[in-house]
Amino acid sequence: MLRPFLADLHIHTVLSGCAEVEMIPPLILKQAKRLGLSLIAVTDHNGCHNVEAMIQAAQGTGIHVLPGMELQSREEVHLLCLFDTVPQCQQWQETVFAKLPSLNNKEDIFGAQFVVDVTGEWVRTEERLLAASTDMGLEEVVAGVHSLGGMVIPAHVDRPSFSLLANLGFVPESLDVQALEVTSRFVPATGYPQWPQLEAWCLIVNGDAHRLQEMQNRTLYKIAAPVIEEIDLALKGEQGRKVIVEWPDSRQRS
Amino acid sequence: MIFLKEVVEKLKIEPVSSASSLDRPIAGGYASDLLSCAMKGAKKDYLWVTLQSHLNVVAVASLSGLAGVIITEGNRPDAETLSRAESEGVVLLVTPRTTFSIVGELASLGVRGD
């Protein structure tokens, strides 16, 4: 039986230096509940240290948490890498760390990178700079994540930086992904004329939330279970699975 | 008018695709690592300097009819990118040097930007 899952698949925690201190498991889940979300993904920059705490914190809440990360490729393109299980995600973390320059974080510039527990209490501070480019090309990332059973969604493609369209000009024809993420500011009436190529794509809206109020509840997945395989079918619109996005009415925008 | 062949010799940069097509005039120069900007800023017969080596670089160069693309900082296009460049007649050149130093030398050879 298919069920509706209102989802935001791009949420940062305090592991991302640029995220606010409020981005801890209990508060993220409280906000998710307020927004009616039943599926969220934790996607910190090149790191997944807080996914386990988030998943534990979500137990019994009715909110399903996918482990993931927002990876920065060699081309400085941001890519959501999503998995079903923590071990898959941690295995990907090892590959990422082998390709991430070994630099120390400068907290006054990039912000502190906190690892927290299920209640949001501080466990340790990650000293390695996570907000950098990994030495992996776009296609290499997609192949690597697929080989572990995960899924890649290019992030905020309508942004002027760190995005597939800004950095690489257009979506490479052979790119093996099923959907593209746009920001909550994307409006079809103006977005499609600006990037005609997007009309051929399944688009989803996530919050890319660095603070609680940035979380979004605009993308609904009609799927049998909150797993990568089902989400993949929904993005392709196969076997009755589908994605429904609520777009802002451009006429009401100032 | 300076030709690509002369630039290749003077800057000691290495052609890695379409090496038989160096007899092309260079109308100007452009540098950026954002391909969305290069699609607007790099014009016909321009030489584009970038550290990006993705397959899309070939498409942009072919689309705009560029004289060539200098890929800097030791980045090397993969086999698929090279073969596409070859079939599209796009000249890719590589150098270990930075975009800054390559652009400086191009300017001193008389290659101008907009």
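Everything numeric in this text was worked out from a predicted model, so none of it was measured.

### Overview of the overall build of chain A
- What chain A contains, in helices and strands, is eight helices and 11 strands.
- Against the 2.2 N^0.38 benchmark of 18 Å for 254 residues, chain A shows a C-alpha radius of gyration of 17 Å, consistent with a compact globule.
- Seen along its three principal axes, the alpha-carbon backbone of chain A occupies a region of about 45 × 40 × 40 Å.
- Put simply, chain A has 254 residues, and 46% of those count as buried.
- Within chain A, contacts between residues at least 6 apart in sequence are counted, and of these 71% link residues at least 24 apart.

### With respect to the confidence of the model for chain B
- Per-chain confidence: chain B averages 97 in pLDDT, with 100% of residues scoring 70 or above.
- Among the prediction metrics, the complex's ipTM stands at 0.85, with pTM recorded as 0.92.

### Focus on unusual backbone geometry
- If you check the backbone angles, His156(A) has positive phi at about 25 degrees while not being a glycine.
- Tracing the chain through its elements places His156(A) in the loop between β7 (151–154) and α6 (164–168).

### Observations regarding the sheet that holds strand β1 (residues 3–11) of chain A
Residue and element names in this part refer to chain A.
- Pairing in this open sheet of seven strands is mixed, and the strands run β7-β4-β3-β2-β1-β10-β11 from one edge to the other. The two strands at the open ends of the sheet, each matched to only one other strand, are β7 and β11 (242–245). For this sheet, the mean angle separating the axes of adjacent strands, direction not counted, is 30 degrees.
- Docked against the sheet, helix α5 (residues 138–147) engages β3 (64–72), β4 (78–82) and β7, running at close to 150 degrees with respect to β7.
- Against the sheet, helix α8 (residues 228–236) makes contact with β4, β7, β10 (219–223) and β11, and its axis sits at roughly 110 degrees relative to β10, the strand it touches most.

### Thoughts on the environment of Val90(B)
Residue and element names in this part refer to chain B.
- Locating Val-90 in the fold gives a position in the loop between α4 (79–88) and β5 (92–94).
- Owing to 25 C-beta atoms within 10 Å, Val-90 belongs among the buried residues under this scheme.
- Counting along the chain gives 24 residues from Val-90 to Leu-66, while the straight-line C-alpha distance between them is 7.8 Å.
- Once residues lying within four places of it in the same chain are set aside, the contact partners of Val-90 are Ser-17, Ser-18, Val-58, Ala-61, Ser-62 and Ala-85.

### Points about the sheet that holds strand β3 (residues 46–50) of chain B
All names here are of chain B.
- Spatially, β1-β5-β4-β3-β2 is the arrangement adopted by the five strands of the open sheet, whose pairing is mixed. Two strands bound the open sheet, and with one partner strand each, they are β1 (14–15) and β2 (28–31).
- Examined bridge by bridge, β2 and β3 share four bridges and lie parallel to one another. Within β3, the position partnered with Tyr-30 by the bridge is Trp-48.

### Concerning the pairing of β4(A)
Residue and element names in this part refer to chain A.
- Across the five residues that make up β4, a large majority, five, are buried.
- Burial of the side chains of β4 extends over both faces: His-78, Leu-80 and Leu-82 are buried on one face and Leu-79 and Cys-81 on the other.
- With five bridges joining them, β3 and β4 adopt antiparallel strand pairing. Bridge assignment links Glu-70 to a residue of β4, and that residue is Leu-80.
- What sits between β3 and β4 in their antiparallel hairpin is a turn of five residues, with Glu-76 showing a positive phi close to 65 degrees.
- Bridge analysis of β4 against β7 gives four bridges, and the strand direction is antiparallel. Bridging across to β7, Leu-82 finds its partner in Met-151.

Rules and cut-offs
- Sequence order as written defines the numbering, with residues in each chain counted from 1.
- For naming, the first written chain is A and the first written ligand is 1, with later ones following in the order written.
- With the structure being a predicted model, the display of local features is reserved for residues of pLDDT at least 70 and the display and counting of side-chain atom pairs for 80 or more, all residues being used for whole-chain, interface and lining totals.
- Only DSSP runs of H or I covering at least 4 residues are called helices, and only runs of E covering at least 2 are called strands; the numbering of each starts at the N terminus.
- Radius of gyration means the value over C-alpha atoms here, while the globule rule gives 2.2 Å times the residue count to the 0.38 power.
- Partly exposed residues are those whose C-beta has more than 12 but fewer than 20 other C-beta atoms within 10 Å; with 20 or more the residue is buried, with 12 or fewer it is exposed, and the C-beta atoms are placed from the backbone.
- Throughout, a residue-residue contact means that the two C-beta atoms, derived from backbone geometry, are no farther apart than 7 Å.
- Each residue carries a pLDDT score, the predictor's confidence in it, ranging from 0 to 100.
- What makes two strands pair is DSSP finding at least two bridges between them.
- Whenever a helix is involved, its axis is fitted only over the stretch in contact; in every case the axis is a line through C-alpha atoms, and angles between N-to-C directions fall within 0 to 180 degrees.

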